[in-house]
Amino acid sequence: MSRFQNYKSFLRSILKIILLWAIIGVIVAIGIKLGVDKKIIAVSVAFLGFVTNAFAGLMTLIAFVPIVGPLIIKVVSLPLFWILNGIGYILSAFAVKQGYAKEIINYRVLTVVFLLGMVVGFIIGSIF
């Protein structure tokens, strides 16, 4: 494959991402114009985005911005379970004050098992 074909393929993939987001934007605009419920529009955009990998493409386009792009992607792509774990710590303090200590212990054990499973899965996936 020549260098020109690589650039051509690269530009074609970027144009597909931009076209996909243009279509999503048109769908949202038409939905708002027709008075469709915002929840239905949000679910349809989320479904379309996940099915077509539009969100991954948008992250790719953002990552192309020099210096700032990779930093934005690092912040946006924080693993969900770390965020949930942080929220869990905050809620644990309130729950202990309410007398739910046993439930908190069960929650913490479940969280540790989940995190260990993620780490072991990552290690096994990296080996194979």
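Residues numbered from 1 in each chain as written. Predicted model: local features only at pLDDT ≥ 70, side-chain atom pairs only at ≥ 80, totals over all residues. Heavy atoms only, no water.

Asks: Requested: an account of the overall build of the protein, with residues and values cited.
Replies: From N to C terminus, the protein includes six helices and zero strands. Mapped in sequence order, the helices and strands of the protein form the string α-α-α-α-α-α. For 128 residues, the compact-globule estimate of 2.2 N^0.38 gives 14 Å, and the C-alpha radius of gyration of the protein, at 21 Å, exceeds that figure by more than 25%. Judged by the C-alpha coordinates and their principal axes, the protein covers about 60 × 50 × 30 Å. Sorting the 128 residues of the protein into buried and exposed places 16% on the buried side. Long-range pairs, those at least 24 residues apart, make up 41% of the contacts in the protein with a sequence separation of at least 6. For the protein, the accessible surface area stands at approximately 10400 Å², while carbon and sulfur atoms represent 77% of it. (Helix = DSSP H or I, 4+ residues; strand = E, 2+ residues; numbered from the N terminus. Rg over C-alpha atoms; globule rule 2.2 N^0.38 Å. Buried < 20%, exposed > 50% of the residue type's maximum accessible area, 1.4 Å probe, protein only. Contact = heavy atoms within 4.5 Å. Areas by Shrake-Rupley, 256 points an atom, 1.4 Å probe, with all protein chains shown as cover.)

Asks: An account of the environment of Ile105 is requested, with residue identities and associated values reported.
Replies: Structurally, the position occupied by Ile105 is in helix α6 (residues 101-127). When its relative accessible area of 55% is taken as the criterion, Ile105 is described as exposed. Expressed as a C-alpha distance, the spacing of Ile105 and Asn6, which sit 99 residues apart in the sequence, is 54 Å.

Asks: Tell me about unusual backbone geometry, and please be specific about residues and values.
Replies: Most peptide bonds are trans, and most residues other than glycine sit at a negative phi. Of note, Asn53 is a non-glycine position whose phi angle comes to about 60°, a positive value. Here Asn53 shows up in the loop between α2 (38-52) and α3 (54-63). For Ile67, which is not glycine, the phi torsion reads 65° and is therefore positive.

Asks: Provide a residue-level description of the packing of aromatic side chains, including the pertinent values.
Replies: Summed over all chains, the structure comprises three aromatic pairs. Among the aromatic residues, those joined into a ring-pair cluster are Trp21, Phe50 and Phe55. (Phe/Tyr/Trp six-rings, centres within 6.5 Å; stacked < 30°, edge-to-face > 60°.)

Asks: Give a detailed account of the nonpolar core, specifying residues and quantitative values.
Replies: Formed by Leu20, Ile24, Ile41, Val45 and Ala54, the largest nonpolar core amounts to five residues. Within the residue set of this core, elements represented by two or more residues are α1 (3-34) and α2. Look past the residues within four positions of Ile41 in its chain and what remains in contact with it is Val28, Gly31, Ile32 and Val36. (Core = buried A, V, L, I, M, F, W, Y, C linked by side-chain atoms within 4.5 Å.)

Asks: With reference to specific residues and values, describe the packing of α3 against helix α4 (residues 68-76).
Replies: Between α3 and α4, the shortest axis-to-axis distance is 7 Å and the interhelical angle comes to 145°. Residues Met59, Ile62 and Ala63 of α3 form the contact with α4, whose own contacting residues are Gly69, Pro70, Ile72, Ile73 and Val76. The residue inventory of the contact of α3 with α4, partitioned by class, reads seven nonpolar, one polar and no charged. (Axes fitted to C-alpha atoms, helices over the stretch in contact; angles between N-to-C directions. Nonpolar A, V, L, I, M, F, W, Y, C, P; charged D, E, K, R; others polar.)

Asks: Outline a nonpolar patch on the surface, supporting the account with residue identities and numerical values.
Replies: The grouping of Val65, Ile67, Val68, Ile72, Val75 and Val76 at the surface amounts to a nonpolar patch, some 550 Å² of accessible area in total. Take Ile67: it is sitting in the loop between α3 and α4. The exposure class of Ile67 is exposed, given its relative accessible area of 72%. (Patch = residues over 30% accessible without salt bridge, like charges linked within 9 Å, V, L, I, M, F, W, Y side chains within 5 Å. Salt bridge = Lys/Arg side-chain N within 4 Å of Asp/Glu carboxyl O.)

Asks: Requested: an account of the environment of Trp21, with residues and values cited.
Replies: Tracing the backbone through its elements, the reader meets Trp21 in helix α1. Separated by 28 residues in sequence, Trp21 and Gly49 place their C-alpha atoms 8.8 Å apart. Contact partners of Trp21, with chain neighbours within four places excluded, come to Ala54, Phe55 and Leu58. A polar side-chain atom of Trp21 sits 2.8 Å from the main-chain carbonyl oxygen of Ala54. (Polar contact = N/O pair within 3.5 Å; in protein donor to acceptor, adjacent residues only side chain to side chain.)

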